[in-house]
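Coordinate analysis (summary)
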Amino acid sequence: PGKPTLYGSVTRRGLSSEGVPDIMASEGFLVQEVTKKSILISCPHENVSTKFLAPYTTFSRIHQKSITCLDISSGGGLGVSTSTDGTMKIWQAANGEIRRLLEGHVYDVNCCRFFPSGLVVLSGGMDAQLKIWSAEDASCVVTFKGHKGGILDTAIVDRGRNVLSCSRDGTARLWDCGKSACLGVIADCGSPVNGIAVGAADDSLNLGTPEHPPSEREIGTEGKILLLAREDKKLQGVGLQSRQLVFLFVGSDAFNCCTFLSSTYILAGTQDGNIYQLDVRNTSTPIQVVHRSGAPVLSLLPYRDGFIASQGN
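It should be emphasised that the depicted structure is a prediction, and the values quoted were computed from it without experimental measurement. (Residues numbered from 1 in each chain as written. Predicted model: local features only at pLDDT ≥ 70, side-chain atom pairs only at ≥ 80, totals over all residues. Heavy atoms only, no water.)

**Observations regarding the overall build of the protein**
Counting secondary structure elements, the protein contains 0 helices and 27 strands. Over its C-alpha atoms the protein spans a radius of gyration of 21 Å, differing by no more than 12% from the 20 Å that the globule rule assigns to 313 residues. Along the first, second and third principal axes, the C-alpha set of the protein runs to 70 × 50 × 30 Å. Every one of the 313 residues in the protein was classed for burial, and the buried ones make up 42%. Counted over contacts in the protein with a minimum sequence separation of 6, partners at least 24 positions apart contribute 38%. Here the protein has roughly 16,700 Å² of accessible surface; of this, 49% comes from carbon and sulfur atoms. Between the mean site of the 29 positive side-chain charges and the mean site of the 30 negative ones, the protein shows a separation of 4 Å. (Helix = DSSP H or I, 4+ residues; strand = E, 2+ residues; numbered from the N terminus. Rg over C-alpha atoms; globule rule 2.2 N^0.38 Å. Buried < 20%, exposed > 50% of the residue type's maximum accessible area, 1.4 Å probe, protein only. Contact = heavy atoms within 4.5 Å. Areas by Shrake-Rupley, 256 points an atom, 1.4 Å probe, with all protein chains shown as cover. Lys, Arg positive; Asp, Glu negative; His and termini not counted. Charge placed at Lys NZ, Arg CZ, Asp CG, Glu CD.)

Written out as structure tokens, the structure is:
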């Protein structure tokens, strides 16, 4: 941080008899290890290294332009994705064969995800509409209206009788799928909410008590905490059932995304390339801040004992 980025290039000089490329790097960089599937490059002066992996499958026919969001069904059989080409499609994860085109949003679709069943898709768009689709026949089963700005992210509570959305209008809302009604505004931040995540809270955490008894249509909100990644550099934690503030953490730049590593540990990524790991019981000081580059952190996913991050470079 604070230093100019170092750039270099790699050149392939030839191929060994085993089919492994002979690669050299420009000044200041070293090629550490090369296999048929990966290249490890280091920069000794800065004591950093990066491993580049080859993809083992590439689907290039699903969309014509950038892919903005995607999800894979719980069984791993289907994928759903949205793109700046204006389409949302369901495809077979094994071979990229397109199964369904989901049409009905006006303007761009920003986010899409499968329900735990893998048979239903939830999507949110710049038209401020939240829609539920059948993955089997591509019909739009439910449309939720109530947001006053584009929907930027969604989350599903438990099995999916309730869902959550956040928007450029600064609110996060809870919806009842069965009655296609809004059960309440969980938070009103006065600043666009770029990402949300819902998780079971650590038992020792005080989530607050609801001012009014929750509706019997609220299913699975008890004991849950909602994370909100906000444009105004704040990461907020709210008791899902109580609608009350649990914590507010101020970061270095706009927060783009957030996720749970466990009921205690959370991650959030910022526009200037920081990944914060926090303990929900005490958010005053991050456990760690990872900074690989100044590129925006766009998404975070827990994986095994760590996580996967995507950045805008």
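**Overview of the UniProt feature "repeat: WD" (unreviewed entry) in the protein**
Taking the UniProt record as the reference, the feature "repeat: WD" (unreviewed entry) is found at residues 60–101, 102–143 and 144–176. The span residues 102–143 is 0% helix and 50% strand, and its two end C-alpha atoms sit 13 Å from each other. Note that residues 144–176 is 0% helix and 61% strand, and that its end C-alpha atoms are spaced 9 Å apart. (UniProt positions renumbered as here; feature names shortened; annotations may be inferred.)

**Some points on the pattern of salt bridges**
Taken as a whole and judged by the stated rule, the model has 7 salt bridges. Across the pair aspartate 153 and arginine 113 runs a salt bridge, and its minimum N-O distance is 3.4 Å. In this pair, aspartate 153 is assigned in strand β14 (residues 151–157) and arginine 113 in strand β10 (residues 109–114), connecting sequence segments 40 residues apart. Using a relative accessible area of 15% as the deciding quantity, one classes aspartate 153 as buried. With a closest N to O distance of 3.2 Å, lysine 224 and aspartate 158 form a salt bridge. On the criterion of sequence distance, the pair formed by lysine 224 in strand β19 (residues 224–230) and aspartate 158 in the loop between β14 and β15 (162–167) is long-range, its members being 66 residues apart. Assessed through its relative accessible area of 13%, lysine 224 is described here as buried. (Salt bridge = Lys/Arg side-chain N within 4 Å of Asp/Glu carboxyl O.)

**Structural notes on the pairing of strand β5 (residues 48–53)**
As paired elements, strand β4 (residues 38–43) and β5 share 6 bridges and run antiparallel to each other. What sits directly across from cysteine 43, in β5, is valine 48. Between β4 and β5, which pair antiparallel one after the other, the connecting turn spans 4 residues, and asparagine 47 there sits at a positive phi close to 60°. (Pairing = 2+ DSSP bridges.)

**Structural notes on the nonpolar core**
The biggest cluster of nonpolar side chains holds 25 residues, and the ones touching the most others in it are Val80, Leu102, Phe144 and Val163. Breaking this core down by element, the ones donating at least two residues are β7 (78–83), β8 (88–92), β10, β11 (120–125), β12 (130–134), β13 (140–144) and β14. Examining the composition of this core, we find that 4 residues originate from one element, β10, more than from any other. Apart from the residues within four sequence positions on either side, leucine 102 is in contact with Val80, Met88, Ile90, Val121, Trp133, Ser134 and Ala138. (Core = buried A, V, L, I, M, F, W, Y, C linked by side-chain atoms within 4.5 Å.)

**Some thoughts on the domain arrangement of the protein**
Assigned domains within the protein: domain 1 (10–53) and domain 2 (67–311). Placing a centre on the C-alpha atoms of domain 1 and another on those of domain 2 gives a separation of 38 Å. (Domains from an automatic or database assignment.)

**Considerations on unusual backbone geometry**
With phi around 50°, aspartate 158 is a residue other than glycine that occupies positive phi space. Residue classification places aspartate 158 among the partly exposed positions, given a relative accessible area of 46%. If you check the backbone angles, arginine 243 has positive phi at about 65° while not being a glycine. Among the secondary structure elements, arginine 243 is positioned in the loop between β20 (234–239) and β21 (245–250).

**A look at the sheet that holds strand β23 (residues 265–270)**
Judged by pairing direction, the sheet is antiparallel, and its 4 strands sit side by side in the order β22-β23-β24-β25 without closing on themselves. At either margin of the open sheet sits one strand with a lone partner, and together these are β22 (255–260) and β25 (288–291). Looking at each pair of strands side by side, their axes are set apart by 20° on average, direction ignored. As paired elements, strand β24 (residues 274–279) and β25 share 4 bridges and run antiparallel to each other. Looking at β25, one finds that tyrosine 276 is bridged to valine 289. (Axes fitted to C-alpha atoms, helices over the stretch in contact; angles between N-to-C directions.)

**Section: the sheet that holds strand β18 (residues 193–200)**
With antiparallel pairing, 4 strands are arranged side by side in an open sheet as β18-β19-β20-β21. Each edge of the open sheet is held by one strand with a lone partner, namely β18 and β21. For this sheet, the mean inter-axis angle between neighbouring strands, taken without regard to orientation, is 15°. In terms of strand pairing, β20 meets β21 through 5 bridges, oriented antiparallel.

**Thoughts on the packing of aromatic side chains**
This model, assessed by the stated rule, comprises 5 aromatic pairs. With a centroid separation of 5.9 Å and 65° between ring planes, the pair formed by phenylalanine 59 and tryptophan 91 is classed as edge-to-face. Of this pair, phenylalanine 59 sits in the loop between β5 and β6 (67–72) while tryptophan 91 sits in strand β8; the two residues are 32 residues apart in sequence, bridging distant segments of the chain. The buried category is assigned to tryptophan 91, whose relative accessible area is 7%. (Phe/Tyr/Trp six-rings, centres within 6.5 Å; stacked < 30°, edge-to-face > 60°.)

**A closer look at a nonpolar patch on the surface**
A cluster of nonpolar side chains, Ile67, Leu70 and Ile72, forms an exposed patch at the surface whose accessible area comes to about 260 Å². The topology assignment puts leucine 70 in strand β6. (Patch = residues over 30% accessible without salt bridge, like charges linked within 9 Å, V, L, I, M, F, W, Y side chains within 5 Å.)

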